[in-house]
Amino acid sequence: MGTYLKIALRNLYREKRYAAINIAGLSIAIASCIVLGLYLYGELTYDRHHANHRKIFRVANEFNIGGAVNALAVSPSVLGEMLKEAYPEIEDYVTFQTALQGTTGGVMLRHDRDAYYWDDAYWVDANVFDVFTHEVLYGDPKTALVNGGSIAVSETFARRYFGDANAIGETLVNDNGSLARITLVFADLPPNTHLKYDVLYSNNLPFLQTPDNTTMRRQTLWNVARYTYLVMPENYDPDDYLAINAEFYEENMAELGRSLNGTWRSWLEPLADIHYGSSLEFDRPGGNRFYLYGFAAVAVFILLVACINYVNLATARATKRARSVGVRKILGAGRASLMAQFIGEAVLFALIAGIVGIVIVEVALALVPVESLVGKPLSLNLTGQPLVGAAILALSLIVGLFAGLYPALYLSSWAPLTALVGRSSRAGKASVRFRQVLVFTQFVISIAVIAATLLMSAQMRFIADRGLGFEQENRIMITLRGAGVIERIPTIENRLSGDPHILGVTTSQFMMGHTTGLQAARVENNTGTQQLMTVSNMPVGDDFLEVMGISLAAGRDFSRRLLTDIGTGYIVNEAFVRTMGWDEPLGKRITLGRNSGRVIGVVKDFNFKSLHTAVEPFLMYRLPENLDDVQEIFRPFIQRLLVLNIAGEDIGLTLRMLEGIIAEFDPTHPFELEFIDDSLDELYTSERQLMRLIAVFAGLCIFIACLGLFGLAAFTTEQRTKEIGIRKVLGASAGEIIMMLAKGTLVLVLAAAFVASGIAYLAIDEWLAGFAYRAPINPLVFVLATALAAVVAYATIALQSYNTARADPVDALRYE
Amino acid sequence: MLIETENLKKLYRTELVETTALDAVDLRVEEGQFVSIMGPSGCGKSTLLHVLGLIDTPSDGKYRFLGEDVSMYPERKRAALRKKNIGFVFQSFNLIDELNVYENVELPLVYAKTPASERQEKVGAVLDRMDIGHRRYHFPAQLSGGQQQRVAVARAIVNQPHLILADEPTGNLDSEHGNEVMQILVKLNEEGTSVLMVTHSAENAAFGERTIRMLDGKILAEQKVGR
C-alpha cells in the first residue's frame with residue numbers, strides 16, 4: 001500500500017497539469033455533492049431531532065358533508081383529550097392552535113417601546129416539552145406553561161427584545177392589553193421542523209377550555225381548530241388506529257353526522273413523514289418530492305461528469321503508461337496488482353479532491369449566499385458531526401473507485417508485449433470510440449441541464465407576465481388591527497381619498513395568493529333545490545373590484561347605497577357558474593354560514609391562488625362594517641386589510657404619508673404594509689430557488705466537462721503534433737487546424753443535443769404538470785442550449801490548441 | 001535442455017495483410033550456453049526472442065522450456081514461469097521512470113513475493129555487483145545510458161534466473177559502455193546463466209559461443225564461435 005501511494009504521489013507530481021485538471025473537476029463535483037447532500041439530509045430528516053419522533057403521530061381527518069369532501073391537517077380541539085380518555089394505549093397527546101387571528105398579520109407582542117409581529121405563535125398544552133424535544137436555555141419545561149398567561153419563546157424572540165440577557169420573568173403585552181410572562185426560553189428550532197414557532201402560549205385560558213359536557217364535546221367534534229399529536233407505544237402500527245377511529249366515530253359522531261348528512265374519519269401520520277408525505281388543507285407548507293429528486297439528480301450528474309473526465313483522461317493518456325505496464329507484466333506483475341495501483345491513484349486523486357472540496361464548501365458557505373440558493377441555511381460542522389466527515393470520506397473513496405475502475409481494467413488488460421511495443425490499431429480504435437461515448441454522455445448531461453434551466457426560466461417569466469385577471473402593480477395592503485381602528489375605516493378612507501397619489505381605497509379580509517376562507521355553502525341549482533358545495537370565499541369592502549381591476553361578466557358590484565348587500569349579496573366567479581351549470585346565475589340563492597342571500601354579480605375568472613392551481617369556484621361577500629356583535633375578548637384581535645391603488649410616482653412619499661395617517665388612527669401597532677405583487681411573488685419562491693440552483697449547477701457541469709475537454713485537447717494536440725506540422729507544411733491555416741481538432745467533438749455535441757433535448761423535454765414536462773398554467777415549450781430553447789455547448793466546447797479546444805496550431809511547422813516536425 | 005522448439009511459427013494478421021514472422025523454427029539451447037541471434041531488420045529475431053521469453057505465444061509448433069511444453073500456456077502460467085526463470089535486457093532499457101534505481105531492481109523480487117528483508121539483501125548485492133549502488137536513490141532520468149543499462153541488467157539477474165534474454169542490449173550505447181555490458185553478460189554466462197542475445201553487431205555476437213542467422217522468419221545457418 002505504501003509503495004502504491006508513493007508511486008501515485010510521484011506520478012501526480014510528474015504530470016501536474018493532468019493532475020490539476022482532474023483534481024479541479026473532482027473537487028468541484030465533490031463540493032457540489034457536499035452542499036446538495038447537506039440540503040438533502042436536512043430535507044429527509046425532518047422532525048427526527050425529536051427523541052420521540054417514532055412514537056409521535058399527527059391526527060389527520062376528513063369531513064364529508066353532503067358529498068363535499070375536505071381532508072384537513074387541523075382537527076377538533078377536544079379530539080386529543082377524548083381519545084386519550086377512551087384509549088389507554090395512547091400514552092399522551094398535545095395540541096397546537098394558531099394564535100393568529102387574521103391571515104396576513106402575525107401576533108403582536110410589545111415590551112416597552114419594542115413591538116414586533118410574530119407569525120409562528122401557538123396556544124399549546126403544558127406537556128408540549130414532554131412530547132417534543134427542545135433545547136431549553138432557561139426555565140423549567142415541566143412547569144413553564146402550566147399557568148395561563150405564560151409563554152415559552154425562542155432564542156431569536158428573546159434576543160429581539162432583551163439582547164443576551166436572561167428573559168425569564170419578563171412580561172410582554174398582547175394586542176388586547178393582556179400580559180404574557182416569559183417562563184421558558186428554548187433554542188431556535190432546527191430548520192428541518194415541519195411546525196416552526198417562536199412563541200408558545202399556555203392554552204390554560206378560559207376561552208380555550210374544552211367542554212366537559214358530553215353533548216357539547218360531541219358537537220365540538222364537528223369543528224376544527226388544532227393540530228393534534230398523539231404519543232403512541234413503541235413500534236405502533238398506524239393502521240391499528242383505524243379500528244380506534246371507527247369505534248370513536250360510531251360512539252361520538254355518527255348520530256350528529258347523520259343529521260348533518262356527513263361523515264368523518266381520521267388517521268395517523270407519522271411525525272417524520274408529515275413534511276413530505278402530507279397534502280392536507282390548512283397544513284404547514286410542505287416539501288415537494290420533485291425538487292428532492294431534482295437536487296439528487298443534479299448531484300449525481302455533476303459527479304458523473306467529473307468521473308467521466310477522469311476516465312477519459314486516464315484512458316487517453318494510457319499510451320504514456322503502456323511501457324510501465326508492459327515491463328511490470330514481463331517482470332511478473334499480476335493483473336490484480338496493476339489494477340490496485342491504478343485504482344489507488346484514482347482514490348488518491350479523489351481523496352485530495354475531497355479535501356479541496358471541503359475547503360471549497362467552507363469558503364462558499366462563508367462568501368456565497370447559499371441560503372438563497374437552497375432556501376435554508378447550511379453549515380458544515382465536521383467536528384460536531386463526525387458522521388458528515390465520514391460520509392465525505394466515503395464519497396471520495398466511492399468516487400475514486402468508480403472513476404478508477406475502468407482505467408484500471410483497461411490499462412491492466414494489455415498483454416505484456418502489446419503494452420511494450422504499442423497497441424493494435426483495432427484496440428486503439430475501440431478505446432477512442434469509448435472516449436467518444438464518454439464525451440457524448442457529458443454533453444448530454446450538460447445540454448439537458450442547460451435546456452432545463454432555460455425552460456424553467458421561460459416558465460417563471462410566463463408566470464410573471466401572465467395576467468392574473470386582476471391588477472397587482474402599485475397595489476398595496478396595510479394590516480389594520482383592532483375593532484376600534486377597523487370601525488374607523490370610513491374616516492380613514494375619507495382622509496386618503498383626497499390625496500392625488502391614492503387612486504382607490506377598499507378593504508378585504510384576505511388577499512389573493514394568501515389563504516382564503518373555505519366553507520360549505522348551500523347553493524341553489526337550476527332546478528331550485530339546494531346543494532352543498534365547499535367553496536373558497538373572501539369578504540371584501542366597497543369598490544374592491546374597481547381597486548383590484550377585476551372585471552364583471554354579469555350583474556353588478558356591491559353598492560354602498562344598498563346596505564342590504566351586507567349579508568345578502570354574493571358575487572361569484574365564472575368557474576362557480578360553470579360548476580353549478582347555471583343558465584342564469586343572477587338571483588340564485590346561496591347560504592353561507594348564517595347568511596342567506598342571492599347572487600348579484602359574476603366576475604371574470606381571476607387567479608386568487610397561485611398558478612399551480614386552476615381557477616376554482618369562488619365567491620365574495622360584503623364585509624360587515626359594524627363589529628358590535630364581536631365578543632369583547634376578540635375585539636383587539638380583529639384584523640382587516642386596507643387595500644390601495646397608489647400612483648406610480650413618488651411612491652416613497654406616498655408610503656410615508658400613509659404611515660403617518662395610519663399612525664394617527666392606530667399609534668399602538670407598528671406599521672404593516674406589503675406590496676401585493678411582492679406578496680404574490682413569494683408563491684413561486686421554491687420554483688425560483690430550484691431554477692437558480694439548476695442554473696448554477698448547469699454552469700458547473702459545463703465547466704467540469706470543459707475541463708475534461710481541455711485535458712483531452714491537450715493530449716490530442718500533443719499526439720498529433722507531427723500530423724499538424726505536416727498539414728501546415730501543406731498549407732493549412734491555424735483556423736483550419738483548430739477546426740480539424742474540434743470537428744469530432746462538435747459532431748458529438750450535436751448528437752448529444754438530440755438525446756439531451758428529449759430528456760430535458762420529459763423532465764420539464766413533468767415539472768410543468770405542477771402548474772395549472774404553463775408556458776409552451778419552445779423548441780428554440782434546445783437550439784440555444786446546443787449552440788451554447790458547442791461554442792464553449794469549441795472555445796475550450798481552440799484555447800488549448802491555438803499555440804500548436806500557430807507554431808512553425810518545423811517545430812512540430814522536429815517534435816518526434 | 002533449456003529451450004527446444006519444433007516447427008515454431010508466428011503469424012501476424014491485420015485487416016488486409018498476414019505476415020509470417022517465424023516460419024518453422026527448430027532450435028535447441030542447452031543450459032549454460034551463450035547464443036547470439038543475428039539477421040537483417042524484420043527477419044524475426046526479436047519475435048523469436050519474445051516467444052522464447054514467454055512474452056508472446058506461437059501460432060503453431062511446439063515450444064518446450066526446461067522440458068515443459070509451454071506452447072499453449074495462458075498468460076498467467078507464462079508469467080509465473082517467466083518471473084522465476086527469465087531475466088530481460090532491452091535495447092531501450094525499459095526502466096520504470098517513476099521508480100528509482102533501487103525500486104526498479106527490486107521489482108522482480110516484489111512480484112515473486114520475496115520477503116522484504118531478503119529483498120534488501122539481494123538488491124544491495126546486485127547493485128554493488130553492477131557498481132551502481134551509489135546511485136540507488138536516483139531516478140532513470142538522472143542516469144547515463146550505460147548506467148541505465150547496468151540497472152536493467154541488475155534487474156534482470158536479481159532473481160537469479162536460468163536464462164537472460166537480451167534484445168540489442170548495446171543498441172543505445174556508445175562502444176565503451178556497450179563493451180562494458182557485454183563483459184557483464186559474459187561473466188554471468190561463465191557463472192552458469194544461459195544468455196540468448198539478439199544483435200546486429202558481429203562483434204557482439206562473437207562474445208557468444210553460437211551464432212544463429214535468421215532471414216524471413218527462418219533459421220538460415222548456425223555457427224559455433226570459440227570464445
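None of these values were measured; they are calculated from a predicted model.

Observations concerning the overall build of chain A
Along the backbone of chain A there are 28 helices and 24 strands. In terms of principal-axis extent, the alpha carbons of chain A reach across some 100 × 60 × 55 Å. Among the 816 residues that make up chain A, the fraction classed as buried is 52%. Counting only carbon and sulfur atoms, one obtains 57% of the accessible surface of chain A, whose full area is about 35800 Å². Between the centroid of the 68 positive side chains of chain A and the centroid of its 80 negative side chains there is a distance of 15 Å.

Let's talk about helix α3 (residues 101-111) of chain B
All names here are of chain B. With 10 of 11 residues buried, α3 lies mostly within the body of the structure. Among the residues of α3, those classed as buried are V101, Y102, E103, N104, V105, E106, L107, P108, L109 and Y111. You can read the cap of α3 off the contacts: a side-chain oxygen lies 3.2 Å from the backbone nitrogen of Y102, and it is on N100.

Here's the deal with the interface of chain A and chain B
Each partner contributes residues to the interface: chain A has 20 residues there, and chain B has 22 residues. Buried surface at the junction of chain A and chain B, both sides included, amounts to about 2000 Å², of which 55% is carbon and sulfur. Along the contact surface separating chain A from chain B lie three salt bridges. Notably, a salt bridge pairs E103(B) with K6(A), separated by 2.7 Å at the nearest N-O pair. Counting every contact that joins chain A to chain B gives nine residue pairs in polar contact (both at pLDDT 80 or more). Among the secondary structure elements, those contributing two or more residues to the side of chain A that touches chain B are α1 (2-14), α11 (318-330), α12 (335-367) and α15 (416-421) of chain A.

Things to note about the nonpolar core
M512(A) and M620(A) are the most contacted members of the largest nonpolar core, which has 135 residues in total. Viewed by domain, this core spans two of them, domain 2 (429-462 + 679-816) and domain 3 (475-647) of chain A, each represented by three or more residues. Discounting chain neighbours no more than four positions away, the residues touching M512(A) are F470(A), M538(A), F544(A), M548(A), I550(A), F606(A), N607(A), F608(A) and L680(A). With 54 residues, the next largest nonpolar core counts Y410(A), L417(A), L27(B) and V198(B) among its residues.

Focus: the sheet that holds strand β8 (residues 194-198) of chain B
All names here are of chain B. Pairing within the open sheet is mixed, and its six strands lie in the order β6-β7-β8-β3-β9-β10. Strands with a single pairing partner mark the edges of an open sheet, and in this sheet they are β6 (86-89) and β10 (218-224). Neighbour-to-neighbour, the strand axes of this sheet turn through a mean angle of 20 degrees, independent of strand direction. On the sheet, helix α6 (residues 175-190) packs against β3 (34-38), β7 (163-167) and β8 and is oriented at approximately 150 degrees with respect to β8.

A closer look at a nonpolar patch on the surface
Taken together, the side chains of I355(A), V359(A), V363(A), L367(A) and V368(A) make up a nonpolar region of the molecular surface, amounting to roughly 480 Å² of accessible area. Residue classification places L367(A) among the exposed residues on the basis of a relative accessible area of 68%.

What about the sheet that holds strand β2 (residues 18-29) of chain B?
Residue and element names in this part refer to chain B. Spatially, β2-β1-β4-β5 is the arrangement adopted by the four strands of the open sheet, whose pairing is antiparallel. The open sheet terminates on both sides in strands that have one partner only, identified here as β2 and β5 (68-69). Relative to β5, strand β4 (residues 60-65) is paired through two bridges, and the arrangement is antiparallel. Across the sheet, F65 pairs through a bridge with E68, a residue of β5. Against the sheet, helix α1 (residues 45-52) contacts β1 (3-13), β2 and β4, and its axis sits at roughly 60 degrees relative to β2.

Quick word on a negative patch on the surface
Taken together, the side chains of E89(A), D237(A), D239(A) and D240(A) define an acidic patch exposed on the protein surface. For D240(A), a relative accessible area of 44% translates into the label partly exposed.

Overview of the pairing of strand β19 (residues 569-573) of chain A
Residues and elements named next belong to chain A. In terms of burial, β19 is a largely internal element, five of the five residues being buried. Side chains of β19 alternate between two faces, with G569, I571 and N573 and Y570 and V572 buried alike. Where β19 and strand β21 (residues 595-603) come together, five bridges link them in parallel fashion. Directly across from G569, in β21, lies its bridge partner R598. Two strands pair when backbone bridges link them, and β19 and strand β22 (residues 618-622) are joined in this way by three bridges, in the antiparallel orientation. Paired with V572 across the two strands is L619, which belongs to β22.

Some points on the domain arrangement of chain A
By the assigned domains, chain A splits into domain 1 (56-273), domain 2 (429-462 + 679-816) and domain 3 (475-647). On a C-alpha basis, the centroid separation for the pair domain 1 of chain A and domain 2 of chain A is 54 Å.

Concerning the pattern of salt bridges
This model, assessed by the stated rule, comprises 40 salt bridges over all chains. The salt bridge partner of D164(A) is R159(A), with a shortest N-O separation of 3.2 Å. A cluster of three or more residues bridged by salt bridges with shared partners is formed by E4(B), E6(B), R28(B) and R64(B).

Focus on the side chain of T796(A)
All names here are of chain A. Here T796 is to be found in helix α27 (residues 780-806). Within the local environment of T796, its side chain forms a polar contact with the backbone oxygen of V792, the two atoms lying 2.7 Å apart. When residues no more than four places from it in sequence are discounted, the contact partners of T796 are C706, L709 and F710.

Side note on the packing of aromatic side chains
Residues and elements named next belong to chain A. Counted according to the given criterion, the structure contains 32 aromatic pairs over all chains. Aromatic side chains Y116 and Y161 sit 5.2 Å apart centroid to centroid with 70 degrees between the ring planes, which places their arrangement in the edge-to-face category. Taken together, the residues span a long stretch of sequence, with Y116 in strand β5 (residues 114-118) and Y161 in helix α5 (residues 155-162) at a distance of 45 residues. Seen in terms of ring centroids, Y310 and F349 are 5.6 Å apart; in terms of plane orientation they differ by 65 degrees. Their pairing is edge-to-face. Linking Y310 in helix α10 (residues 289-316) with F349 in helix α12, this pair joins segments that are 39 residues apart in sequence. Residue class for Y310 comes out buried when judged on its relative accessible area of 3%. One aromatic cluster is present, built from ring pairs that chain together F96, Y122, F132, F186, Y197 and Y229.

A short note on the side chain of S154(A)
Residues and elements named next belong to chain A. Checked against the element boundaries, S154 lands in strand β8 (residues 150-154). Relative accessible area serves as the criterion here: at 0%, S154 is assigned to the buried category. With residues up to four places along the chain from it excluded, the contact list for S154 reads V185, F186, D188, Y197 and D198.

Parameters at a glance
- Residues numbered from 1 in each chain as written.
- Chains lettered and ligands numbered in written order.
- Predicted model: local features only at pLDDT ≥ 70, side-chain atom pairs only at ≥ 80, totals over all residues.
- Heavy atoms only, no water.
- Helix = DSSP H or I, 4+ residues; strand = E, 2+ residues; numbered from the N terminus.
- Buried < 20%, exposed > 50% of the residue type's maximum accessible area, 1.4 Å probe, protein only.
- Areas by Shrake-Rupley, 256 points an atom, 1.4 Å probe, with all protein chains shown as cover.
- Lys, Arg positive; Asp, Glu negative; His and termini not counted.
- Charge placed at Lys NZ, Arg CZ, Asp CG, Glu CD.
- Polar contact = N/O pair within 3.5 Å; in protein donor to acceptor, adjacent residues only side chain to side chain.
- Contact = heavy atoms within 4.5 Å.
- Buried area = accessible area lost by both parts, 1.4 Å probe.
- Salt bridge = Lys/Arg side-chain N within 4 Å of Asp/Glu carboxyl O.
- Core = buried A, V, L, I, M, F, W, Y, C linked by side-chain atoms within 4.5 Å.
- Domains from an automatic or database assignment.
- Pairing = 2+ DSSP bridges.
- Axes fitted to C-alpha atoms, helices over the stretch in contact; angles between N-to-C directions.
- Patch = residues over 30% accessible without salt bridge, like charges linked within 9 Å, V, L, I, M, F, W, Y side chains within 5 Å.
- Phe/Tyr/Trp six-rings, centres within 6.5 Å; stacked < 30°, edge-to-face > 60°.

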